[in-house]
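Chain by chain, the residues:
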Amino acid sequence: KIPCSLSFDDARVVSGSEDGSLHVWDLVEAKTIQRCAAHRGALTALACSPHNAEVLTGAYDGTIKLWAPTSGPAMPKTIG
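Everything quoted here is computed from the prediction, not taken from an experiment.

## Remarks on the sheet that holds strand 3 (residues 21–26)
Next up, step 1: An order of 1-2-3-4 is seen for the four strands of this open sheet, with the pairing classed as antiparallel. Every other strand in the sheet has two partners, leaving strand 1 (4–6) and strand 4 (31–37) as the edge strands with one partner each. On average, each strand axis in the sheet is tilted by 15 degrees relative to the strand beside it, whichever way the strands run.
Next up, step 2: Looking at chain direction, strand 3 and strand 4 are connected through six bridges and run antiparallel. Bridged to leucine 22 within strand 4 is cysteine 36.

This is the structure:
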């Protein structure tokens, strides 16, 4: 099972991957707009904030990270 979620503005889909990467897809352009190495293990949980561009991810590596993948390199804040 690969986690995914719609962005707060319904313009993007954010998805996890078994290789631990995080992908942001533009629904209008139908293309990947960002990919980053998010975790050292497969993503098991992902949720988009209903209020802004923040994304919360969890993975088999035991970490929980908060992201704001809007543009440029994604820099997570590890919260667990």
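## Observations regarding the environment of serine 21
Next up, step 1: Looking at where serine 21 falls in the secondary structure, it is placed in strand 3.
Next up, step 2: Separated by 14 residues in sequence, serine 21 and arginine 35 have C-alpha atoms that sit 6.8 Å apart.
Next up, step 3: Engagement of the side chain of serine 21 in a polar contact is seen with the side chain of histidine 23, the distance being 2.9 Å.

## Here's the deal with the nonpolar core
Next up, step 1: If you look at the biggest cluster of nonpolar residues, it comprises ten residues: Val14, Leu22, Val24, Cys36, Ala38, Leu43, Leu46, Cys48, Val55 and Trp67.
Next up, step 2: Put simply, the parts of the chain that give this core at least two residues each are strand 3 and strand 5 (43–48).

What counts, and at which threshold
- Residues numbered from 1 in each chain as written.
- Predicted model: local features only at pLDDT ≥ 70, side-chain atom pairs only at ≥ 80, totals over all residues.
- Heavy atoms only, no water.
- Pairing = 2+ DSSP bridges.
- Helix = DSSP H or I, 4+ residues; strand = E, 2+ residues; numbered from the N terminus.
- Axes fitted to C-alpha atoms, helices over the stretch in contact; angles between N-to-C directions.
- Polar contact = N/O pair within 3.5 Å; in protein donor to acceptor, adjacent residues only side chain to side chain.
- Core = buried A, V, L, I, M, F, W, Y, C linked by side-chain atoms within 4.5 Å.
- Buried < 20%, exposed > 50% of the residue type's maximum accessible area, 1.4 Å probe, protein only.

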